[in-house]
Every structure is written in structure tokens, then in C-alpha cells.
Amino acid sequence: MTLRVLSLASEAFPLVKTGGLADVAGALPDAVGPAGIEMTVMLPGYPVVMKGLKRAKLLHHYADLLGHEARLLRGKIGVHPLVVLDAPGLFDRDGGAYGDQNGRDWADNWLRFAAFAKAGAELAAGVVGGGKPFDVLHAHDWQAAMAPAYLRFLHGDKGVAPKSVMTIHNIAFQGQFARTIFPKLGLPPAAWAMDGVEYYGDVGFLKAGLEAADAITTVSPTYAREIRTPGFGMGLEGLIVAKSDRVTGIVNGIDPAIWNPAHDPALAKTFTVRTLARRVANKRAVEQAFGLEPGDGPLFIVISRLTWQKGMDVLAATLDHLVASGGRLALLGSGDAALENAFHQAAARHPGRVAVRIGYDEPLSHLMQGGGDAILVPSRFEPCGLTQLYALAYGCVPVVARTGGLADTVIDANVAALAAGTATGIQFDGLTLDSLSLAISRTVRLYHQPERWGAIQQCGMKSDFSWTHSGRAYADLYARLCSPA
Ligand code: ADP
Ligand code: GLC
């Protein structure tokens, strides 16, 4: 039996992307399709999404969706069904998905994403749109998290409400807003409760979704364990522990149609595990793009949001050591102004050795994966992480902090793994100046042992990070939820 799932996300590649959530939401329909799941993606109608919407069909007109006129439009994302919430008063504005051109969050984000979630819940329940109810509503992160709560409080008594799954891509972002918004959410008074939407006296969107969902997933088994502790749970650890029987970790896959060095149009030269020598053309292209001098040591790359989560402050402080060890760095990223400055300063201290590109550049990120020798991912926490997976597929050796999905997807080149030929990268414990510097030194030493280095690259390229296993895991979860108890 085909199950119909409505996947609600605030971004999905290729229509709108600010980070890994987009890659995952964009890849899921293909990932679960082979297991008999028909997934519809639902997105907010930002200008970029409206532009990408071809031959849209009107599903529903709202005269008043939490105070705004809106339409649900049906189109396609790739070959899969897409529903867009076109609400110009909420989404038709210059700037990003979550904030203005200066990176300040939109002040009405609570309303934008409450409206999105409410429409999603109503569509999933078959209350709008004229179709049958969906079997499962799958909500991603806080922006979609109110959908399970709307299902529960507005449609839960109908007996036919879809089951709901809440996926945490990053528990650090919780969507917490002043209690004064509660009366404007269109929820019954009963929803204002400790096991409802109330969160430390405020309204908590992610909290509400976690309370209401039939199942909770996060994007790696290690992160699923970590968020049970105060250091990682960020206030929600108690709730995660209380619901632990319904929390699972399913690691992200990568989309081989988009991330495959054998036919990636962004590469100067394509290559496979058998033609690794061709990578050098990409390395030269990266050096050229960044204005780096050629050198004998490894070319490190970073492709990242420049934030505290990603450990970028510590990385900036290790760059003198990286250069002294014979390494060079090409960094692509954007984020905190202070971090951008720190990297600019390092580049000024080390011209030709450290180069920084501030901005977002999808094709350049592919070229860097295909040409860099090693990627640095020194995250303080990392629910899954995708850049290390792309790196593995592209023969760029990941150097990662042992946390979350980084711990689950990289095999450290310790003595045993090197002897067994199973190493795929370098891991280090606890992000400090020392631990990262040591990891960089280890990487440089390994790089100068070409046979070992080549074996690590090949082992990474041969690892299976396709969606096959994880797609099946999501499909099994949907099926379990829908099967009669
Ligand atoms: P997160 O979602 O926490 O930022 P992930 O590693 O899961 O981290 O996903 C990040 C995604 O965004 C990857 O697809 C990565 O290649 C991409 N990315 C991050 N920064 C940039 C950038 N400046 N330019 C292009 N792509 C980027
Ligand atoms: C979040 C996490 C990242 C994860 C991505 C996709 O942005 O920070 O670790 O890979 O979501 O699940």
C-alpha cells in the first residue's frame, strides 16, 4: 500500500537553501519513494520559490489565514508533488527566508511559520485542498513544528488525523516567542499547557511539535543520545528523555544525482575512485579561484556557516599553526561578522596561504570538495553534517570533531583502522585550540604518506552514504505509525 506523506520544511533544494535542511528536505521524496512512499513537499512561498513554481494549480484560497490572505498552490519539485503557501503579506519580501538583508530575523517569524504550519496541518488533515487526508505529516525543525500541534489541538478528535513525525535538524533553534502571541495562534485555550505549547512561560514552537508528534527523529544516532543531556539538549533534554521511547536517530544521506564526482558539472575535471589523479586539476582550479600559491602541503578547505556551533572561532585561532605546518586554507562561508573579520585578518597575515570567500556559492562548494585535500569540520555540536559526507564522496579527507553525525560517519585513522584499511578521515575529541592543532598536524603527517593517504581517500569514496538505508528507515517509521496497533 502506498502511504502519502506531507513533508513540511522551510527550505528544500533546489528551490531555496540556506543549509543542510534544504538538501535533506529536497532529497527525501526520492529517498523514500522506492519504499512505496509518495511524498509531497510543502514550502513557504518566498519569492525564489514562487519564481520556481511552474504551471501551479490552485488548491485552496484562504480569505483569512491568521490574519492574512493566502493560497495553497500545487506544483512540482523535480518529479515530486509540491505545495506552496503563497501568502504575500508574510513571504513576499526582499531578504532571506528567515531575516532581512542584514541578517536580522523577521520580527513576525512566529506568524509566518505558524501560518505555514496551520495550513500544512489543514492540508494534511484533508480540511482544505479538496483531497483525501494524508497518512503522515512530517515536520522539519521549529519552522514546521507547530503543524503537529495544530493537528493535535484542531483535528485530533476526528479520529482520522494523520500521524505526525517531528524531525530535529538542530535543537539549538527552537522558535521561542513571547506568550503574548498565544491568543493569535488560533489554538484553543487548552493548548496553553506544559504538555502543549507553553515553554518556560513563553510559546515554544519546537517544544509544541515534540509534545504533539507521534514520533520524533533526529539526524544521527549519536545526536539522538547527546540531546538527552543539558549540554546538547539546550533546555529540551528533559522532554527528550521523557519521550525517549519515540526518539530515533536516522543519519542523513546524500543525493547522488547532485553530489557525484563522476559527473559533476561544477568540477574542472570529473573523477572516480579509480581516477583520483585527475583531482589535481580541481585543486589547481581552487587555488586559482582563491588566489592561493601552490605548495607541497595539503590544501585544507572549509565550507560552512561561520558560527559558534561550527567551531569557527577556534579554527580562526589555529590558522597560524596550520600555515606553519605547511598547510593552506580556502574558506567559503558567511555568518557572524566577528568571525568573518577574524578570517580576513588571517588571510592578510598569510597571503597566498589562507584565502577567504565570504558568501554563498553552490558551484564553488562542489569544486572545493573535488579539489581540496582535507575538509575541516570542527563543530561544537553537529546533528548530522553534510559537508563531511560530500567530502567523503569526493575524496576530500574529513577532519572532524567527534560529535553528533560527525562521530557516526567518519572512521578515524587510528592505528587499528589504518591497519585494517577502514579509515576514512581524522577525528578529534573536544574542541580546543590544542585538539584542533593536533588534528591538523596529524592530517599533515598522513598527507605526506601518499600510500596511506590514498587508501583513506579511496575508503571514503567507497563508503555508502546514499539514502538507501535511511530512506528505508523513514519509510519503516511511517509504516509503523500507520499500522493498526
Ligand atoms: P548546516 O545545515 O548546519 O549549515 P550541513 O553540513 O548539514 O550544516 O549543511 C550545510 C550545507 O550548506 C551543505 O550543503 C554545504 O555545502 C552548504 N553550504 C554551507 N555554507 C555554504 C556556502 N558558503 N556556500 C555554498 N554552500 C554552502
Ligand atoms: C542542521 C544541522 C546539520 C544537519 C542539517 C540537515 O542544519 O546543523 O548538522 O546536517 O540540519 O539535517
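Because the structure is predicted, anything quoted here is derived from the model rather than measured.

S.K.: So, the environment of arginine 349: which residues are in play, and what are the values?
M.R.: Its place among the elements puts arginine 349 in helix H14 (residues 337-349). Take arginine 349: its relative accessible area is 43%, and that puts it in the partly exposed class. For the pair arginine 349 and aspartate 320, spaced 29 residues apart in the sequence, the C-alpha separation amounts to 8.6 Å. Reaching out from arginine 349, the side chain makes a polar contact with the side chain of aspartate 320 at a distance of 3.0 Å.

S.K.: Got a sec to walk through the pattern of salt bridges? Specific residues and values, please.
M.R.: In this structure the tally under the stated criterion is 17 salt bridges. Between arginine 442 and aspartate 412 there is a salt bridge, and its shortest N-O distance comes to 3.2 Å. Here arginine 442 is found in helix H19 (residues 433-447), whereas its partner aspartate 412 is found in the loop between helix H17 (404-409) and helix H18 (415-420), with 30 residues between them in sequence. Through salt bridges with shared partners, a single ionic network connects Lys17, Asp23 and Glu362.

S.K.: Account for the packing of aromatic side chains, with residues named and values stated.
M.R.: Applying the stated criterion across every chain, the model contains 14 aromatic pairs. A centroid spacing of 5.3 Å and a plane angle of 80° characterise the contact between tyrosine 447 and tryptophan 453, whose relative ring orientation is edge-to-face. Taken individually, tyrosine 447 and tryptophan 453 each receive the classification buried, so the pair is uniform in this respect. Ring pairs connect the aromatic residues Tyr46, Phe91, Tyr98, Phe113, Trp142, Phe177 and Phe205, which therefore count as one cluster. For the cation-ring pair, arginine 4 lies above phenylalanine 134, with the distance from its terminal atom to the ring centre recorded as 4.2 Å. Seen from the ring of tryptophan 106, arginine 93 lies directly overhead, with NZ or CZ sitting 4.8 Å from the centre.

S.K.: Could you give me a rundown of the packing of H19 against helix H20 (residues 450-462), with the residues and numbers involved?
M.R.: Packed helices, taken two at a time, are described by the angle between their axes plus the distance between the axes. H20 packs onto H19 with a crossing angle of 110° between their chain directions and a minimal axis gap of 7 Å. The orientation of H19 with respect to H20, classified from their angle, is roughly perpendicular. Counting all contacts with H19, which are made through Thr443, Leu446 and Tyr447, the residues of H20 involved are Pro450, Arg452, Trp453 and Ile456.

S.K.: Could you give an account of the packing of helix H4 (residues 109-124) against helix H6 (residues 146-155), with specific residues and numbers?
M.R.: Contact pair H4 / H6: the axes reach a minimum separation of 8 Å and the direction vectors enclose 55°. Here H4 is positioned oblique relative to H6, judged by the angle of their axes. Regarding H4 and H6, the two cross each other, and that crossing is right-handed. Residues Ala114, Ala117, Lys118, Ala121 and Glu122 of H4 form the contact with H6, whose own contacting residues are Met146, Ala147, Tyr150, Leu151, Leu154 and His155. Within the contact of H4 with H6, the residues separate by chemical class into eight nonpolar, one polar and two charged.

S.K.: Which residues make up H6, and what values do they have?
M.R.: Among the 10 residues of H6, eight are classified as buried, and the element is accordingly described as predominantly covered. Along H6, the residues classified as buried are Met146, Ala147, Pro148, Ala149, Tyr150, Leu151, Phe153 and His155. Buried residues in H6 make contact with strand S1 (3-8), H4, strand S6 (136-140), helix H5 (141-144), strand S7 (163-168) and helix H7 (205-212).

S.K.: Give a description of the site of ligand 2 that names residues and reports values.
M.R.: Taken together, the neighbourhood of ligand 2 is formed by 14 residues, with His169, Asn252, Glu382, Cys384 and Gly385 sitting nearest. Histidine 169 has a polar side-chain atom sitting 2.6 Å from an oxygen atom of ligand 2. Interatomic distance of 2.8 Å between a backbone N/O atom of glycine 385 and an oxygen atom of ligand 2. Alone, ligand 2 offers 310 Å² of accessible surface; in the complex the protein occludes 92% of this. Per-class residue counts for the shell around ligand 2 are six nonpolar, six polar and two charged.

S.K.: Explain the nonpolar core to me, using residue names and the numbers behind them.
M.R.: Of all hydrophobic cores here, the largest spans 81 residues; its most connected members are Met42, Leu72, Leu85, Met146, Leu185 and Phe205. Broken down by element, the residue count for this core peaks at 11 residues, all from H4. If we skip the residues at most four places from it in the chain, phenylalanine 205 touches Trp110, Phe113, Ala114, Trp142, Ala145, Met146, Gln174, Gly175, Phe177, Ile181 and Leu185. In terms of nonpolar packing, the next biggest core, distinct from the first, is built from 37 residues, Leu315, Val397, Leu446 and Tyr447 among them.

S.K.: Can you explain the domain arrangement of the protein? Please cite residues and give values.
M.R.: Note on interface size: it is often stated as the accessible area lost on association of the parts. Under the domain assignment, the protein is made up of domain 1 (3-253 + 468-482) and domain 2 (276-463). If you average the C-alpha positions of domain 1 and of domain 2, the two centres end up 33 Å apart. At the junction of the two partners, domain 1 supplies 21 residues and domain 2 supplies 17 residues. Carbon and sulfur atoms make up 60% of the area that domain 1 and domain 2 hide from each other, which totals about 1,300 Å². Considering only the side of domain 1, the residues that lose the most area to domain 2 are Lys17, Thr222 and Asn252, jointly responsible for 24% of the buried surface there.

The rules behind the values
Residues numbered from 1 in each chain as written. Chains lettered and ligands numbered in written order. Predicted model: local features only at pLDDT ≥ 70, side-chain atom pairs only at ≥ 80, totals over all residues. Heavy atoms only, no water. Helix = DSSP H or I, 4+ residues; strand = E, 2+ residues; numbered from the N terminus. Buried < 20%, exposed > 50% of the residue type's maximum accessible area, 1.4 Å probe, protein only. Polar contact = N/O pair within 3.5 Å; in protein donor to acceptor, adjacent residues only side chain to side chain. Salt bridge = Lys/Arg side-chain N within 4 Å of Asp/Glu carboxyl O. Phe/Tyr/Trp six-rings, centres within 6.5 Å; stacked < 30°, edge-to-face > 60°. Lys NZ or Arg CZ within 6 Å of the ring centre and 35° of its normal. Axes fitted to C-alpha atoms, helices over the stretch in contact; angles between N-to-C directions. Parallel < 35°, antiparallel > 145°, perpendicular 65-115°, else oblique. Contact = heavy atoms within 4.5 Å. Left-handed = near helix turned anticlockwise from the far one by under 90°. Nonpolar A, V, L, I, M, F, W, Y, C, P; charged D, E, K, R; others polar. Near = heavy atom within 4 Å. Areas by Shrake-Rupley, 256 points an atom, 1.4 Å probe, with all protein chains shown as cover. Core = buried A, V, L, I, M, F, W, Y, C linked by side-chain atoms within 4.5 Å. Domains from an automatic or database assignment. Buried area = accessible area lost by both parts, 1.4 Å probe.

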